[in-house]
Amino acid sequence: MTFFRWFISQTVRNACAARKHYRRLLAAQSDLLSVEALGAVRLKLAELTAAIRGGHTGRINIQIEELQFAAEKWIKPYPNAAWRENVEVLLVALAVAMAIRTFFLQPFKIPTGSMQPTLFGVVGKNLINDPGFQIPSGMARLKEWFAGISYIHVVAPVDGHIEAVGPMQHFLIFNIKQTITIG
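Notes on the structure follow. Source: prediction; values computed, not measured. (Residues numbered from 1 in each chain as written. Predicted model: local features only at pLDDT ≥ 70, side-chain atom pairs only at ≥ 80, totals over all residues. Heavy atoms only, no water.)

Notes on the packing of aromatic side chains
Inference 1: Per the counting criterion, the structure on display carries one aromatic pair.
Inference 2: Where Trp-145 meets Phe-146, the ring centres are 5.1 Å apart and the plane angle is 75°; that geometry is what we call edge-to-face.
Inference 3: Under the relative-accessibility criterion, Trp-145 is labelled partly exposed at 45%.
Inference 4: Classification of Phe-146 by relative accessible area gives exposed; the value is 64%. (Phe/Tyr/Trp six-rings, centres within 6.5 Å; stacked < 30°, edge-to-face > 60°. Buried < 20%, exposed > 50% of the residue type's maximum accessible area, 1.4 Å probe, protein only.)

Looking at the packing of helix H2 (residues 10-29) against helix H4 (residues 57-74)
Inference 1: One can describe the packing of H2 onto H4 by two numbers: an axis separation of 10 Å at closest approach and a directional angle of 20°. Classed by the angle they form, the pair H2 and H4 counts as roughly parallel. When you trace H2 past H4, the crossing you get is left-handed. Listed contacts from H4 to Thr-11, Val-12, Asn-14, Ala-15, Ala-18, Arg-19 and Tyr-22 of H2 are Thr-57, Ile-60, Asn-61, Ile-64, Leu-67, Gln-68 and Ala-71.
Inference 2: Here the residues of the contact of H2 with H4 are counted per class, giving eight nonpolar, five polar and one charged. (Axes fitted to C-alpha atoms, helices over the stretch in contact; angles between N-to-C directions. Helix = DSSP H or I, 4+ residues; strand = E, 2+ residues; numbered from the N terminus. Parallel < 35°, antiparallel > 145°, perpendicular 65-115°, else oblique. Left-handed = near helix turned anticlockwise from the far one by under 90°. Contact = heavy atoms within 4.5 Å. Nonpolar A, V, L, I, M, F, W, Y, C, P; charged D, E, K, R; others polar.)

Structural notes on the pairing of strand E3 (residues 174-177)
Inference 1: Alignment of strand E2 (residues 169-171) against E3, held across three bridges, turns out to be antiparallel. Looking across to E3, one finds that His-170 is bridged to Asn-175.
Inference 2: Hairpin connection between E2 and E3: a loop of two residues separates the two successive antiparallel strands, and Leu-172 in this loop has a positive phi of roughly 55°. (Pairing = 2+ DSSP bridges.)

Digging into the packing of helix H3 (residues 35-54) against H4
Inference 1: Contact geometry of H3 with H4 gives a least axis separation of 9 Å together with a crossing angle of 165°. Looking at the two axes, H3 sits roughly antiparallel to H4. Between H3 and H4 lies a crossing of left-handed hand. Between H3 and H4, the contacting residues are Glu-36, Ala-37, Ala-40, Val-41, Lys-44, Leu-45, Glu-47, Leu-48, Ala-51 and Ile-52 on the first element and Arg-59, Ile-60, Gln-63, Ile-64, Glu-66, Leu-67, Ala-70 and Trp-74 on the second.
Inference 2: Its residues assigned to classes, the contact of H3 with H4 comprises 12 nonpolar, one polar and five charged.

Some details on the pattern of salt bridges
Inference 1: All told, the structure shown has two salt bridges when counted by the stated rule.
Inference 2: For Glu-47, the salt bridge is made with Lys-44, and the minimal N-O distance between the two is 3.3 Å. Here Lys-44 and Glu-47 lie together in helix H3, a separation of three residues that amounts to about one turn.
Inference 3: Exposure remark for Glu-47: the relative accessible area of 26% places this residue in the partly exposed category.
Inference 4: A salt bridge links Glu-66 to Lys-44; its shortest N-O distance comes to 3.2 Å. You can see Glu-66 sitting in helix H4 and its partner Lys-44 sitting in helix H3, a full 22 residues away along the chain.
Inference 5: Connected through salt bridges with shared partners, the residues Lys-44, Glu-47 and Glu-66 form a single ionic network. (Salt bridge = Lys/Arg side-chain N within 4 Å of Asp/Glu carboxyl O.)

Okay, here's the thing in structure tokens:
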């Protein structure tokens, strides 16, 4: 039921945020504080939790103020809290940016088109000088296609020189057809 009250009531959201904050401070300083201080702050945390479950807005506000008073009395504030939080946010932002660049995408600028064919490992090899080579067929060719290997076997009907090379026809990311004219 507290879950639904959290969405409906600003007071419950504030109380949950305050409870989380003071629990974190208490956990960070639990080895430095006396038993009396730990007991006093834990008691106020428990009272705030009971008030949140009860749902009465006035009682929740009173318990938030009592928890703040007890925390200010017993818990030591962080030195340079503003600097500490800004450095923490900066480090988290840098870590997220580095993770995205490392694992998902890395932008590059290619100044000329000379590197473009080999950027993704696309290289051509003329197999005409290898007489023992056989283009695989069936499942072997399908397996190589999934590995990024494809074969183009072009045989001209007549001898001659290349006169023109037509534009590549594309479908999505695939190159479908290209016309080469031999005279």
